[in-house]
Amino acid sequence: MTGNARWANRLSITSNAVHIGGFLVAVVTTAATDGITAQALTATLLTAIGLVLSYFVSIPIGSDTRRQIVALITATTLFVFAIAITGGVNSPFVIMPIASVFLASFAGGMFLAIPVTLLSIVGVLVTSLVNEDAVSVGAFIRIPVIYVITAVAFSEVERALQSEVRRADDLAFISTTAQERRERLEETHDLLEDLLRVAT
């Protein structure tokens, strides 16, 4: 397994852990604060479907780019719907778009992180505005800022990792080229020694 494949595998495992951890925290917190209601059960179902869709998004995004982007956008939209029916910006499910932004950042870099982050922010803010529950200004500002920081931070990490992978590939190529050159020189040296022996 190459260095790139190892990193991709680790990040995929981490992404799955972030999604599952966020899901468990949201479900348990909702059940503890609001009880087992129809809205909580619906939100849990929507989030579970989003989890399954997120599982099919690879890091980095593979050859079937369009299908994976659609899966990620759909999953994020389902998370937003779950937030909408459980209290808007005050919902425990606001943690789920962070998992989507994390996945988008490592799957497609800033190119994919930006639309997923914008979808998350707009979705959460709109659902909070139409929600009848009181929303604190601090929470209204804090959640979008967290989404943006997550996108920027992990996109930069992804860019740094890709740079290191390219550097490692270049070093491996240089090492292989040097080894081949050395072998050719050794073959030439052996050939010259044989010619000298024949000449003498």
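Structural data are supplied above this passage.
This is a predicted model, so every value here is computed, not measured. (Residues numbered from 1 in each chain as written. Predicted model: local features only at pLDDT ≥ 70, side-chain atom pairs only at ≥ 80, totals over all residues. Heavy atoms only, no water.)

(A) Structural context of the nonpolar core. Within the largest apolar cluster, 17 residues are counted, with the highest numbers of intra-cluster contacts made by Ile-83, Phe-93, Val-94, Met-96, Val-124, Ile-143 and Tyr-147. Among the elements of the structure, α1 (3-34), α2 (38-55), α3 (65-84), α5 (110-130) and α6 (137-199) are those that each provide at least two residues to this core. Here this core gets 4 residues from one element, more than from any other, and that element is α3. Not counting residues up to four positions away in its chain, the partners in contact with Phe-93 are Ala-26, Val-27, Thr-30, Ala-43, Thr-44, Thr-47, Ala-82, Ile-83 and Thr-86. Counting 16 residues, the second-largest nonpolar core is a separate cluster that includes Leu-72, Val-101, Ala-113 and Ala-151. (Core = buried A, V, L, I, M, F, W, Y, C linked by side-chain atoms within 4.5 Å. Buried < 20%, exposed > 50% of the residue type's maximum accessible area, 1.4 Å probe, protein only. Helix = DSSP H or I, 4+ residues; strand = E, 2+ residues; numbered from the N terminus. Contact = heavy atoms within 4.5 Å.)

(B) Quick look at the environment of Ser-155. Note on placement: Ser-155 falls in helix α6. As a C-alpha pair, Ser-155 and Leu-103 span 52 residues in sequence and 9.8 Å in three-dimensional space. Among all residues touching Ser-155, those that are not within four sequence positions of it are Ser-105, Gly-109, Met-110 and Ala-113.

(C) Looking closely at α5. In this model α5 runs 30 Å from its N-terminal to its C-terminal C-alpha over 21 residues, within 8% of the 30 Å that 1.5 Å per residue would give. Leu-112, Ala-113, Val-116, Thr-117, Ser-120, Ile-121, Gly-123, Val-124, Leu-125, Thr-127 and Ser-128 are the residues of α5 that are buried. (Expected span 1.5 Å × (residues − 1).)

(D) Expanded view of a nonpolar patch on the surface. A contiguous nonpolar surface patch, about 390 Å² in accessible area, is contributed by Met-110, Ile-114, Leu-118, Val-148 and Val-152. Secondary-structure elements contributing two or more residues to the nonpolar patch are α5 and α6. In terms of residue count, the dominant contributor to the nonpolar patch is α5 (3 residues). Positionally, Val-148 belongs in helix α6. (Patch = residues over 30% accessible without salt bridge, like charges linked within 9 Å, V, L, I, M, F, W, Y side chains within 5 Å. Areas by Shrake-Rupley, 256 points an atom, 1.4 Å probe, with all protein chains shown as cover. Salt bridge = Lys/Arg side-chain N within 4 Å of Asp/Glu carboxyl O.)

(E) Main features of the environment of Met-96. Relative to the helices and strands, Met-96 is located in helix α4 (residues 96-108). By relative accessible area, Met-96 is classed as buried at 0%. Along the primary structure Met-96 and Ala-82 are separated by 14 residues, whereas in three dimensions their C-alpha atoms are 9.3 Å apart. Sequence-distant contacts of Met-96, defined by excluding residues within four places in its chain, comprise His-19, Gly-22, Phe-23, Thr-47, Leu-51 and Phe-79.

(F) Representation of the packing of α2 against α3. Closest axis-to-axis distance for the α2/α3 pair is 8 Å, and the angle between their directions is 165°. Considering the angle they form, α2 stands roughly antiparallel to α3. As for the relative orientation of α2 and α3, their crossing is left-handed in sense. On the side of α2, the interface is formed by Ala-43, Leu-46, Thr-47, Ile-49, Gly-50, Leu-51, Leu-53 and Ser-54, while α3 contributes Ala-71, Thr-74, Ala-75, Leu-78, Phe-79, Phe-81 and Ala-82. (Axes fitted to C-alpha atoms, helices over the stretch in contact; angles between N-to-C directions. Parallel < 35°, antiparallel > 145°, perpendicular 65-115°, else oblique. Left-handed = near helix turned anticlockwise from the far one by under 90°.)

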